[in-house]
Amino acid sequence: MGRDAEEIIPRRRLEEALRRLKPHPHPDPELEQYTTPPRVAAELLFTARYIYDDIKGRLVADLGCGTGRLGIGAIMLGAEAVVGVDIDSTAISTARENAAKAGVSDRLHLLIGDVAPLRAVFDTVIMNPPFGTRRRHADIEFLDEALRLAGAVYSIHKSSTREFIRRHIRGRGGRISALFEMEMEIPHMFRFHRKPRRFVEVDLYRIESPKGLN
C-alpha cells in the first residue's frame, strides 16, 4: 500500500470529529449563522483534499468561518495552515475552543473582522457563505472576495440560484470546474422556523478563479 493511501482519513471518522465540535451558542438569524452539517462539511473537504489536491500542504482561507468546522477539518486533512475570518466575536471564541479541543490551535489562525483586508496569498478558499436570504447578495459578496484571494474556491450555494451564480462567476473571469448537488439539513433554530427541520437543495462548487487561471 502506497504512502498516500495510508494517509487517507476515513470520511466517517472526519464527519464524527466535526460533529463533536461545539456549535454557536447564540446564532444570529440576520447573519444566517447555520452550522455546516458534518456530512456536507466532510463532502466539501474530501472533494478538495482527495479529488483535487487543494488541501494538503496548502494555505487555506475559511471565509465566514463561524465556529471553525471547515477550517478545523481542513487541518485534519493536512492543510499547512488555515486562516479563519468572521465578523462575530462569539463565533471566533467558539472556534478557538473547538480548535483547542481538536488539537489544531497552532495551525488555525482566527481573525475577527471583515474579509476585505486579507491579501491574496492563499492557495484555497473554503466557505459556506450566507445564502443571501436575509441580506440580498450576501452570498455574492463572499464569492467575489473568495475569487480575489485564491486560485481554487470551494463554496456552497442554494441550487435555486445556480444560473445566477454561474453567470456571475463567468462575469468575474472564473471557471466552474465541478458542481456537486447536495442536500443540507436546516434544524429548527429560530422563532420563524415552523418545522423541526427542513432540507434545502444546495450546490457545492469548485471554482478556478482568475488568479488560478493566470
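Description of the structure in this document. (Residues numbered from 1 in each chain as written. Predicted model: local features only at pLDDT ≥ 70, side-chain atom pairs only at ≥ 80, totals over all residues. Heavy atoms only, no water.)

Each helix and strand in the protein chain was counted, giving eight helices and seven strands. Counting all 214 residues of the protein chain, 50% fall into the buried class. Accessible area for the protein chain stands at about 10,700 Å²; split by element, carbon and sulfur atoms hold 48% of it. (Helix = DSSP H or I, 4+ residues; strand = E, 2+ residues; numbered from the N terminus. Buried < 20%, exposed > 50% of the residue type's maximum accessible area, 1.4 Å probe, protein only. Areas by Shrake-Rupley, 256 points an atom, 1.4 Å probe, with all protein chains shown as cover.)

Here we come to helix α6 (residues 138–149). Think of an α-helix as 3.6 residues a turn; residues three or four steps apart then line up on the same face. Given a rise of 1.5 Å per residue, twelve residues ought to cover 16 Å, and the 17 Å separating the end C-alpha atoms of α6 matches this to within 8%. Considered for burial, the residues of α6 that qualify are A138, D139, I140, F142, L143, A146, L147 and L149. (Expected span 1.5 Å × (residues − 1).)

Let us now look at the pattern of salt bridges. Applying the stated criterion to the full structure yields 13 salt bridges. Two residues, D144 and R172, come together in a salt bridge whose shortest N-O distance is 3.4 Å. Remark: R172 occurs in the loop between α7 (162–171) and β6 (175–187) and D144 occurs in helix α6; sequence separation between them is 28 residues. Among the residues examined, R172 registers a relative accessible area of 45% and is labelled partly exposed. As a salt-bridge pair, E208 and R175 come within 2.6 Å of each other at their nearest N and O atoms. One end of the pair, E208, is in strand β7 (residues 197–208); the other, R175, is in strand β6, and 33 residues separate them in sequence. (Salt bridge = Lys/Arg side-chain N within 4 Å of Asp/Glu carboxyl O.)

What follows is about the pairing of strand β2 (residues 81–86). Among the six residues of β2, six are classified as buried, and the element is accordingly described as predominantly covered. Neither face of β2 is left uncovered, since the one carrying A81, V83 and V85 and the one carrying V82, G84 and D86 both have all their residues buried. One ladder, built from five bridges, connects strand β1 (residues 59–63) with β2; its direction is parallel. Within β2, the position partnered with V60 by the bridge is V82. The β-α-β motif built from β1, the intervening helix α4 (residues 69–76) and the parallel element β2 has right-handed crossover chirality. Sheet topology note: the β2/strand β3 (residues 108–112) ladder contains five bridges and is parallel. (Pairing = 2+ DSSP bridges. Right-handed = clockwise from strand over helix to strand, strands pointing away.)

A few words on the nonpolar core. Nonpolar side chains in soluble globular proteins tend to end up buried together. Residues L44, L45, I55, I126 and I156 are the most contacted members of the largest nonpolar core, which totals 38 residues. Taken together, the elements giving at least two residues each to this core come down to α2 (11–19), α3 (38–51), α4, α5 (89–102), β3, β5 (150–158), β6 and β7. Considering each element in turn, this core owes the most residues, seven residues, to α3. Setting aside residues up to four positions removed in sequence, I126 forms contacts with L44, L45, I55, V60, A61, D62, L63, L70, G71, A74 and Y154. Counting residues in each nonpolar core, the second largest holds 21 residues, with L63, A150, I169 and Y205 among its members. (Core = buried A, V, L, I, M, F, W, Y, C linked by side-chain atoms within 4.5 Å. Contact = heavy atoms within 4.5 Å.)

Right, let's get into the packing of α3 against α4. Two quantities define a packed helix pair, namely the angle between the helix axes and the distance between the axes. One can describe the packing of α3 onto α4 by two numbers: an axis separation of 10 Å at closest approach and a directional angle of 45°. Relative to α4, α3 is oriented oblique. The crossing of α3 and α4 is right-handed. Of the residues in α4, those in contact with P38, A41, L44 and L45 of α3 are R69, L70, G73 and A74. Considered class by class, the residues forming the contact of α3 with α4 number six nonpolar, one polar and one charged. (Axes fitted to C-alpha atoms, helices over the stretch in contact; angles between N-to-C directions. Parallel < 35°, antiparallel > 145°, perpendicular 65-115°, else oblique. Left-handed = near helix turned anticlockwise from the far one by under 90°. Nonpolar A, V, L, I, M, F, W, Y, C, P; charged D, E, K, R; others polar.)

In this section: α5. Taking 1.5 Å per residue as the helical rise, α5 with its 14 residues ought to reach 20 Å, and the 20 Å between its terminal C-alpha atoms agrees with that figure. Three or more residues of α5 are buried, namely A91, I92, T94, A95, N98 and A99. Buried residues of α5 fall within an arc of 160° about the axis and therefore sit on the same side. Looking at α5, the residues exposed on the side facing more than 90 degrees away from the buried face are A100 and K101. The inward-facing, buried residues of α5 contact α4, β2 and β3. Its side-chain oxygen at 3.1 Å from the backbone nitrogen of T90, D88 defines the N-terminal cap of α5. Phi turns positive, to about 75°, at G103, one or two residues after α5. (Arc of directions from axis to C-beta. Polar contact = N/O pair within 3.5 Å; in protein donor to acceptor, adjacent residues only side chain to side chain.)

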